[in-house]
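What follows is the residue order along each chain.
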Amino acid sequence: MILSGVIMKVVRSFCVAISLLALLTVNGVSSRAQNASPMERFLGISGKQKPAVPLLSPQDLNDHVVNGKLVLTLDDCIRLALSNNTDIHLDHNQIDIAQNNLQRVYAPFDPLLTSSFTDQRAKSPTSTQLSGASILNVLTQETQIGYSQTFQTGTNFQGSFIADKSSTNSSFNTLNPATATTLQFTLTQPLLRNRGLFPNRAPILIAQRNLKQARASFLGEVSDIIQQIVGNYWNVVLAREVLAVQQKSLGEAQKSYDHDKKALSLGALPPLDIYRSESQVASRRVGVIQAEYAVKQAEDQFRQGIAADIDPATRVLDLDLTDRPEPVGELLNIDIPTALARAIANRPELEAVHQQLAVDELSIRLAHNNLKPDLELSGFYLGNGLNGYQAGVANTGITTSLSQSFRFTFPAYGATLSLALPIKNHGAEANLADALVSRRHDQYQQRETNQSISLDVATAVHALEAAKLGMEAAKVAVDLAKETLHADERKYELGTEQIFFVLDAQTQLAQAELNLIQSQVNFQLAVTQVDHATGDLLEHHHVQILEPSK
């Protein structure tokens, strides 16, 4: 009984171990194949996929790290964005796809070489003596080599060589075994539809235009991204300047509050008057906190534009933006007619629309070609050869058959004229109608693009003029606010004016300084907006988009 109990415990433990092992095995298989559907697993497709090539890390950021800070000028940020910005890499895919499509449209003109070998043996009973054997035994071996190519004129060339060797036990065969060779050349030329260079090269021309359009669109998108990078740069500068002004304003309020506390302790100030300066300190401290948050938000958005947020080591670096918003040198002056003329000459959006209209014209011509009847002239010329073994006669060998074929000793030739005349071609007519509709749509698209560019130019020029006037007015306002504050502080010290006027003058000065900084940043953004509207933004920042070498 004791032995039986021990055996039962051992068996039970073994079963539990087997169950756990099976469960772990199933879980392992399930985890490995969790990304594969049941049908894929049934077909033997593994759940493990070969990983893609990892993306390149952000480039050149470490070159701008100085003393634990990321020191950047505006041009540095633009160069970093061109190398690292994710949107630019995504937008460049349209050029890669257009280049691949240009290569693809040459496929109909690719030469094709084919070959095949067939070996077949057949035995069959016969019902007549004319078969030459009671059980006919035939061995057939055939070798084929072919070459074909379509040229851009629409001409199709085909060449083929066929060697057919046969062996049989039939007594009626004169040559046994025998080898027959054939060398044949065939030319086919369309005479109406697809005749000539244009209908056959039209897909190539369309693909080339599409590539130019993709490059023009990419230039426009790069210009948009550069404008965004410039805006992000100046937003960080503005947010920091606003923080500095708020901190200065807080310091002024704190100094007034300290003065009032001292006056209160000496009995020179009524107790209720201390609350005004104290409330100003609290209010301006809130402004500092909000400005600090705005700086962090602007810096995070700026880091994303130059891909400085990808690497954790770079993400935590402080930013040192060295360009200042104060304009240097002569201010930009431009009128609307001059700016509009430059925009018409430079804007890549117009080039993209022009290329699309050119594609529409090619598509219309191609659609007219497809409405023509299909008339083709085909001609062939071939040479036959034969050799084999004949009883009592020496075997002539394969060279005899080849010589007869290549010298066209036994030629054959002929021609075929074929006509396919559709009574009604709904598909081709619909394609032509679509091409005409597409051209009309793109004509309106061109008009809309011209209108949009005109509006962009006018808006940018007006914004530039407003920014210059606002900057001049803001400078005057700061000077007057400083004089007012100085006067109110003197009156307060002499006891002829209340603290209210001093605090209000401090607030007015802080607001005037904020307006000046905002106007300076607005001027920088307006200059960028004018460059973007006229298509000069890339040239202004010395950016060139190089085409890949062919």
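This part is about the overall build of the protein. Looking only at helices and strands, the protein features 13 helices and 9 strands. For the protein, the share of sequence-separated contacts (at least 6 apart) that also reach a separation of at least 24 residues comes to 77%. Entry remark: accessible area of the protein is about 33500 Å², with carbon and sulfur atoms responsible for 58%.

On to the pattern of salt bridges. Under the definition given, this model contains 11 salt bridges. The salt bridge partner of R79 is D76, with a shortest N-O separation of 2.5 Å. Placement of both R79 and D76 in helix α3 (residues 74-84) is noted, with a separation of 3 residues, approximately one turn of the helix. With a closest N to O distance of 2.6 Å, D536 and R342 form a salt bridge. Of this pair, D536 sits in the loop between α12 (499-534) and α13 (537-540) while R342 is found in helix α8 (residues 336-346), placing the two residues 194 residues apart along the sequence. A cluster of three or more residues bridged by salt bridges with shared partners is formed by R347, E349 and D456.

Where a protein is soluble and globular, its nonpolar side chains tend to be buried together. In terms of nonpolar packing, the biggest core is built from 53 residues, with L72, I226, Y233, F302, I306 and L321 touching the most fellow members. Mapped by element, the contributors of at least two residues to this core are β2 (69-72), α3, α4 (86-104), α5 (197-265), α6 (274-305), β7 (318-321), α12 and α13. Top contributing element to this core by residue count: α5, with 21 residues. Among all residues touching I306, those that are not within four sequence positions of it are L61, L70, L72, C77, L80, A81 and N84.

The antiparallel open sheet is built from 6 strands, whose spatial order is β3-β4-β5-β6-β8-β9. Among the strands making up the open sheet, the edge pair consists of β3 (112-125) and β9 (410-420). Taking each pair of neighbouring strands and ignoring which way they run, the sheet shows an average axis angle of 15 degrees. For strand β4 (residues 135-150) and strand β5 (residues 156-168), the ladder comprises 13 bridges, and the chain directions are antiparallel. If you follow S148 over to β5, its bridge partner there is Q158.

Put simply, the protein has an average pLDDT of 85, and 87% of its residues get 70 or more. Helix α9 (residues 348-370) holds the highest mean pLDDT among the elements of the protein, 95, whereas helix α1 (residues 2-32) holds the lowest, 45. Counting contacts from residues 18-34, a segment whose pLDDT is below 50, to residues more than four positions away or on other chains yields 4 contacts.

What follows deals with the pairing of strand β8 (residues 374-388). Sheet analysis places strand β6 (residues 178-190) next to β8, joined by 13 bridges and oriented antiparallel. Along β8, the bridge assignment pairs L187 with G379. Where β8 lies against β9, 11 bridges are found, and the strand directions are antiparallel. Paired with N384 across the bridge in β9 is F410.

So, about the packing of aromatic side chains. Tallied over the entire structure, the rule returns 8 aromatic pairs. Each residue in the set Y147, F157, F185, Y381, F408 and Y413 is aromatic and connected to the rest through ring pairs, giving one cluster. For the cation-ring pair, R365 lies above F198, with the distance from its terminal atom to the ring centre recorded as 3.7 Å.

Between α3 and α4, whose axes approach to 6 Å, the crossing angle comes to 50 degrees. Compared by their axis directions, α3 and α4 come out oblique. Of the two elements, α3 crosses α4, and the hand of that crossing is right-handed. Residue-level contacts link A81, L82, S83 and N84 of α3 to T86, I88 and H89 of α4.

Together, M39, F42, L43 and I45 give the surface a local cluster of nonpolar side chains, amounting to about 480 Å² of exposed area. Structurally, F42 is set in helix α2 (residues 38-42). Exposure remark for F42: the relative accessible area of 69% places this residue in the exposed category.

Reading across the sheet, the 3 strands line up as β1-β2-β7 and stay open at both edges, with mixed pairing between neighbours. For this open sheet the edge positions go to β1 (65-66) and β7, each flanked by a neighbour on one side alone. Across 2 bridges, β1 lies against β2 in antiparallel orientation. Bridge assignment links V66 to a residue of β2, and that residue is K69. Against the sheet, α6 touches β2 and β7, its axis set at about 80 degrees to β7.

We now examine the environment of T416. Within the secondary structure, T416 sits in strand β9. A relative accessible area of 47% means that T416 is categorised as partly exposed. Taking C-alpha positions, T416 is 9.0 Å from T188, a pair spaced 228 residues apart along the chain. Setting aside anything within four residues of it in sequence, one finds T416 in contact with E376, L377 and S378.

Moving on to the pairing of β4. Relative to β4, β3 runs antiparallel, the two being bridged by 14 bridges. Looking across to β4, one finds that L112 is bridged to S148. What sits between the antiparallel neighbours β4 and β5 is a turn of 5 residues, in which G154 has the positive phi angle 95 degrees.

Right, let's get into the side chain of T181. Structurally, T181 is set in strand β6. When its relative accessible area of 1% is taken as the criterion, T181 is described as buried. Not counting chain neighbours up to four residues away, the residues in contact with T181 comprise F161, I162, A163, G383, N384, G385, I398, S401, L402 and S405.

On to unusual backbone geometry, then. Phi is positive for N67, close to 55 degrees, though the residue is something other than glycine. Looking at the element boundaries, N67 is found in the loop between β1 and β2. A residue is classified by how much of its surface remains accessible, and N67, at 76% relative accessible area, is exposed. Even without a glycine there, the phi angle at A307 is positive, about 65 degrees. With respect to the element layout, A307 can be found in the loop between α6 and α7 (312-315).

Cut-offs used in this document
Residues numbered from 1 in each chain as written. Predicted model: local features only at pLDDT ≥ 70, side-chain atom pairs only at ≥ 80, totals over all residues. Heavy atoms only, no water. Helix = DSSP H or I, 4+ residues; strand = E, 2+ residues; numbered from the N terminus. Contact = heavy atoms within 4.5 Å. Areas by Shrake-Rupley, 256 points an atom, 1.4 Å probe, with all protein chains shown as cover. Salt bridge = Lys/Arg side-chain N within 4 Å of Asp/Glu carboxyl O. Core = buried A, V, L, I, M, F, W, Y, C linked by side-chain atoms within 4.5 Å. Buried < 20%, exposed > 50% of the residue type's maximum accessible area, 1.4 Å probe, protein only. Pairing = 2+ DSSP bridges. Axes fitted to C-alpha atoms, helices over the stretch in contact; angles between N-to-C directions. pLDDT = per-residue confidence, 0-100. Phe/Tyr/Trp six-rings, centres within 6.5 Å; stacked < 30°, edge-to-face > 60°. Lys NZ or Arg CZ within 6 Å of the ring centre and 35° of its normal. Parallel < 35°, antiparallel > 145°, perpendicular 65-115°, else oblique. Left-handed = near helix turned anticlockwise from the far one by under 90°. Patch = residues over 30% accessible without salt bridge, like charges linked within 9 Å, V, L, I, M, F, W, Y side chains within 5 Å.

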